[in-house]
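A structural walkthrough
Here is how the chains run, residue by residue.
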Amino acid sequence: MGNPGRFAGLYVLTSIVGFFAMGYVPGKLIVHGNTTATVNNIAAEEMLFRLGIAGQLISQAAFIFVAFALYKLLAGVARRQASLMVTLIVVSVPIAFANELNSLTALALVRGANFLSTLDKPQRDAFAMLFLNLHSRGLVVTELFWGLWLFPLGLLVYRSRFLPRFLGVWLGLAGAAWVILSLVSVVLPQYQSEVYTYTQPAVFGEIVFMLWLLIKGAKPPVLAPAAPAVA
């Protein structure tokens, strides 16, 4: 690999797919507080909803490769912290995969599969909204891991000497922002919107890191081979 930092820039591509799945699709289809409008939107734009589910699965699977690309880039700085970074990412992926079952269940309810014939449409719609809300709660759990893995990453970047130290600090702040967002969503959900607004400058640090890898790249110093022992 000529420049592992450039390869790690595929992080950007997984993030674009993830934004489509977790940002664009829900924003287009889900009307908060309006079950009927949400169900009608999903029924009318079923393919878009399915693409959102597929995008989430693809982005999470691809993120495993991002993790190992970053490990290859940064393991020479501190192998233990690099291993912790990968572990936190790998643990989060099955949680995100399982969470997509909520979306698939909501879709089955919207479509009114044969085995749901004992439920009338208002009941199916209510259950569909329940599973959509469960999917949203599942994202709150994954947000915690989105923050935790950035702590070892930020420390590795800070100590690397071949990446700017300010990126390491910013990544640490981004990790703290995601953890705070996750916990506030659980403990004080009424303040979630305000906290989200205030934490965006910190979260933006992750985007800056992605763009740095894509545009500038990063190349760890080549260690000189050890001198042969003298007999």
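Residues numbered from 1 in each chain as written. Predicted model: local features only at pLDDT ≥ 70, side-chain atom pairs only at ≥ 80, totals over all residues. Heavy atoms only, no water.

Digging into unusual backbone geometry
In terms of backbone geometry, most residues other than glycine have negative phi values and most peptide bonds are trans. Put simply, the rule is: Secondary structure is summarised from DSSP: a helix means a run of H or I of at least four residues, a strand means a run of E of at least two, and numbering begins at the N terminus for each. Exposure categories follow from relative accessible area, calculated using a 1.4 Å probe and restricted to protein chains: below 20% of the type maximum is buried, above 50% is exposed, and the middle band is partly exposed.
Positive phi is not limited to glycine here, since arginine 161 has a value of about 75 degrees. With respect to the helices and strands, arginine 161 occurs in the loop between α7 (150-160) and α8 (165-187). Owing to a relative accessible area of 75%, arginine 161 belongs among the exposed residues under this scheme.

Comments concerning helix α3 (residues 35-44)
Stated formally: Note that the arc is computed from the directions linking the helix axis to the C-beta atoms. In this description, contact between two residues means that some pair of their heavy atoms is separated by no more than 4.5 Å. Pairing of N or O atoms within 3.5 Å defines a polar contact, subject to two protein rules: one partner must be a possible hydrogen donor and the other a possible acceptor, and residues neighboring in sequence count only if both atoms are side-chain atoms.
Considered for burial, the residues of α3 that qualify are Thr38, Val39 and Ile42. On an axial view of α3, the arc spanned by its buried residues comes to 95 degrees, and they lie on one face. Residues of α3 that are buried make contact with α2 (10-29), α4 (46-74), α5 (79-111) and α6 (121-148). A side-chain oxygen of the first residue of α3 lies 3.4 Å from the backbone nitrogen of threonine 36; this N-cap is asparagine 34.

Describing the packing of α3 against α6
For clarity, the cut-off: In this analysis an axis means a line fitted to C-alpha atoms, helices contributing only their contacting stretch, and an angle means the value between N-to-C directions, from 0 to 180 degrees. By the definition adopted for this analysis, an angle is roughly parallel if under 35 degrees, roughly antiparallel if over 145, roughly perpendicular if from 65 to 115, and oblique otherwise. Charged means Asp, Glu, Lys or Arg here, nonpolar means Ala, Val, Leu, Ile, Met, Phe, Trp, Tyr, Cys or Pro, and polar covers whatever is left, Gly included.
Interaxial distance between α3 and α6 falls to 10 Å at its minimum, and their mutual angle equals 85 degrees. Of the possible angle classes, the one that applies to α3 and α6 is roughly perpendicular. When α3 is examined against α6, the residues Thr35, Thr38, Val39, Asn40 and Ile42 are found in contact with a partner set consisting of Lys121, Asp125, Ala126, Ala128, Met129 and Leu132. For the contact of α3 with α6, a count of residues per class yields six nonpolar, three polar and two charged.

Observations concerning the packing of aromatic side chains
Stated precisely, the cut-off is as follows: Side-chain rings of Phe, Tyr and Trp, where Trp is taken by its six-membered ring, are said to pair if the distance between their centres is within 6.5 Å; with planes under 30 degrees apart they count as stacked, over 60 as edge-to-face, and otherwise as tilted.
Under the definition given, this model contains eight aromatic pairs. With centroids separated by 6.3 Å and ring planes inclined at 70 degrees, the aromatic side chains of tyrosine 11 and phenylalanine 209 adopt a geometry described as edge-to-face. With a gap of 198 residues between them, tyrosine 11 in helix α2 and phenylalanine 209 in helix α9 (residues 192-215) connect regions that are remote in the sequence. Judged by relative accessible area, tyrosine 11 falls into the buried class, the value being 1%. With a centroid separation of 5.8 Å and an interplanar angle of 20 degrees, the aromatic rings of phenylalanine 20 and tyrosine 24 are classed as stacked. Note that phenylalanine 20 and tyrosine 24 are positioned in helix α2 at a spacing of four residues, about one turn of the helix.

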